[in-house]
Amino acid sequence: MYTHVAVHRSHIEMADTNQANGSDVVDNVSVEVAEMALEPKESTKTAEAAAPKTPEPGSASAGTNGTAKPSPAASSAAFKEQFKAFSKFGDTKSDGKHLTLSQSDKWMKQAKVIDKKITTTDTGIHFKKLKSMKLTFEDYSKFLDDLAKTKKVELEEIKSKMANCGAPGVHNATPGKAAETVARLTDTSKYTGSHKQRFDDSGKGKGIAGRKDMVDQSGYVSGYGHKNTYDKTH
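Draft legend 1. The overall build of the chain, seen in detail. When helices and strands are tallied, the chain shows nine helices and two strands. Helices (α) and strands (β) of the chain occur, in sequence order from the N terminus, as α-α-α-β-α-α-β-α-α-α-α. Taking the intrachain contacts of the chain between residues at least 6 apart in sequence as the baseline, contacts between residues at least 24 apart amount to 50%. Per element, the accessible surface of the chain, about 17,900 Å² overall, is 54% carbon and sulfur.

Draft legend 2. Main features of the pattern of salt bridges. If you walk through the whole model with that rule in mind, you get five salt bridges. Asp139 is paired through a salt bridge with Lys142; the nearest N and O atoms lie 4.0 Å apart. Here the residue Asp139 and the residue Lys142 both occupy positions in helix α6 (residues 137–151), the gap between them amounting to three residues, near one helical turn. Residue classification places Lys142 among the exposed positions, given a relative accessible area of 53%. Lys149 is the partner of Asp145 in a salt bridge, and the nearest nitrogen-oxygen pair spans 3.4 Å. In this pair, Asp145 and Lys149 both sit in helix α6, four residues apart, roughly one turn of the helix. Accessibility expressed as a relative area gives 62% for Lys149, which makes it exposed.

Draft legend 3. Molecular detail of the packing of aromatic side chains. Evaluated as defined, the whole model comprises nine aromatic pairs. On the numbers, 5.2 Å between centres and 40 degrees between planes, the contact of Tyr140 with Phe143 is tilted. A residue pair is termed a helical-turn pair when its members lie 3 or 4 positions apart in one helix, as Tyr140 and Phe143 do in helix α6 at three residues. The exposure class assigned to Tyr140 is buried, which follows from its relative accessible area of 0%. One aromatic cluster is present, built from ring pairs that chain together Phe79, Phe83, Phe86, Phe89, Trp107, Phe127, Phe137, Tyr140 and Phe143. Above the face of the Phe137 ring, Lys80 is positioned so that its terminal group lies 5.2 Å from the ring centre. In this arrangement the basic side chain of Lys159 is found over the ring face of Phe79, its NZ or CZ atom lying 5.5 Å from the centre.

Draft legend 4. Representation of a positive patch on the surface in the model. Taken together, the side chains of Lys80, Lys84, Lys88 and Lys97 present a region of like positive charge at the surface. Structurally, the position occupied by Lys97 is in the loop between α3 (76–87) and β1 (99–100). Judged by relative accessible area, which is 56%, Lys97 ranks as exposed.

Draft legend 5. Region of interest: the nonpolar core. Ranked by size, the top nonpolar core spans 23 residues in total, and within it Trp107, Met108, Tyr140 and Met162 carry the most contacts. Listed by contribution, the elements that provide at least two residues to this core are α3, α4 (101–110), α6 and α7 (155–163). At six residues, the largest contribution of residues to this core is made by α6. When residues no more than four places from it in sequence are discounted, the contact partners of Met108 are Val113, Ile114, Thr123, Tyr140, Phe143, Leu144, Leu147 and Met162.

Draft legend 6. Layout of the environment of Asp145. Relative accessible area serves as the criterion here: at 27%, Asp145 is assigned to the partly exposed category. Put simply, Asp145 and Ile158 are 13 residues apart on the chain and 9.6 Å apart in space, counted from C-alpha to C-alpha.

Draft legend 7. The arrangement of helix α5 (residues 120–128) in detail. Among the residues of α5, those classed as buried are Asp122, Thr123, Gly124, His126 and Phe127. Its buried side turned inward, α5 meets β1, α4, β2 (134–135) and α6.

Draft legend 8. Molecular detail of the packing of α4 against α6. For the pair α4 and α6, interaxial distance at closest approach is 13 Å and the crossing angle is 55 degrees. Comparing the axis directions of α4 and α6 gives the class oblique. In this structure, α4 meets α6 at a crossing whose hand is right-handed. From α4, Ser104, Trp107 and Met108 reach across to α6, where they touch Tyr140, Phe143, Leu144 and Leu147.

What counts, and where the lines are drawn
- Residues numbered from 1 in each chain as written.
- Predicted model: local features only at pLDDT ≥ 70, side-chain atom pairs only at ≥ 80, totals over all residues.
- Heavy atoms only, no water.
- Helix = DSSP H or I, 4+ residues; strand = E, 2+ residues; numbered from the N terminus.
- Contact = heavy atoms within 4.5 Å.
- Areas by Shrake-Rupley, 256 points an atom, 1.4 Å probe, with all protein chains shown as cover.
- Salt bridge = Lys/Arg side-chain N within 4 Å of Asp/Glu carboxyl O.
- Buried < 20%, exposed > 50% of the residue type's maximum accessible area, 1.4 Å probe, protein only.
- Phe/Tyr/Trp six-rings, centres within 6.5 Å; stacked < 30°, edge-to-face > 60°.
- Lys NZ or Arg CZ within 6 Å of the ring centre and 35° of its normal.
- Patch = residues over 30% accessible without salt bridge, like charges linked within 9 Å, V, L, I, M, F, W, Y side chains within 5 Å.
- Lys, Arg positive; Asp, Glu negative; His and termini not counted.
- Charge placed at Lys NZ, Arg CZ, Asp CG, Glu CD.
- Core = buried A, V, L, I, M, F, W, Y, C linked by side-chain atoms within 4.5 Å.
- Axes fitted to C-alpha atoms, helices over the stretch in contact; angles between N-to-C directions.
- Parallel < 35°, antiparallel > 145°, perpendicular 65-115°, else oblique.
- Left-handed = near helix turned anticlockwise from the far one by under 90°.

Shown next, in the form of C-alpha cells:
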C-alpha cells in the first residue's frame, strides 16, 4: 500500500512539472495510477469468488467438524420392496402395485416419519392432490417429493427411514411388560379378604363354593370341627 502511495506521489509531481511545460503526459500518468489502484481490488474479488464457501457451524449442512453433512441415501430396491409389502398389508387381494392412504400412513407411522412436523393431515392433503384412491410406485414417489418440499424435509431422509423400518406391523415394543403385569394380577397367593376364599391352597378355584355359603346337608351342626372323627365301633 505504501509503495502505491509513493508511486502515486511521484507521478503527481511529474504530472505537475509536465503540465507546466504544456505536455499531455498528465493524462497517461493518471490512467496508469488508476489501473494500479484497481488491480489488487479486482484480484481480491476474483479470489473470494473462486474460494469454496464453508458452511456455518451448527447449520443443517455442516457436520460436527464443520464439513458438509451428506444426506443419508436410501436403497431404491429396499424402498420398493417395502412399498410392495405395505401395499399388501391388511389387503390379501392386493397385487403389491398400488398403495392406499391408510397403508401409507401405517408405513410412515412405523418409520416414524409422521411426527409433530409431518401429520396425517399433511399426508392426506398431498395424497389427494394426485386424485386417486390408490397410487402406483411412480405416483407415490411424486407424493413423497411434494410432501418433502412443502414440509422442508430431506426426501432421502424420509425414504431411508421408510426403507429400514422393518416388515409391516413390526414395532419396537418392550417385551415382557404385559406378561409381568398379568402374572402379578393372577397370583392367588397375594389375594386377601373374600377373594382369597375363592381359591384353595394350590391356587385352584373352588367354583360356586368359593362364591356362596353352601348349606351343610351332612347332619352335623354348623361349625362342628370333629366331623367324621367319631369311633365307628360303637
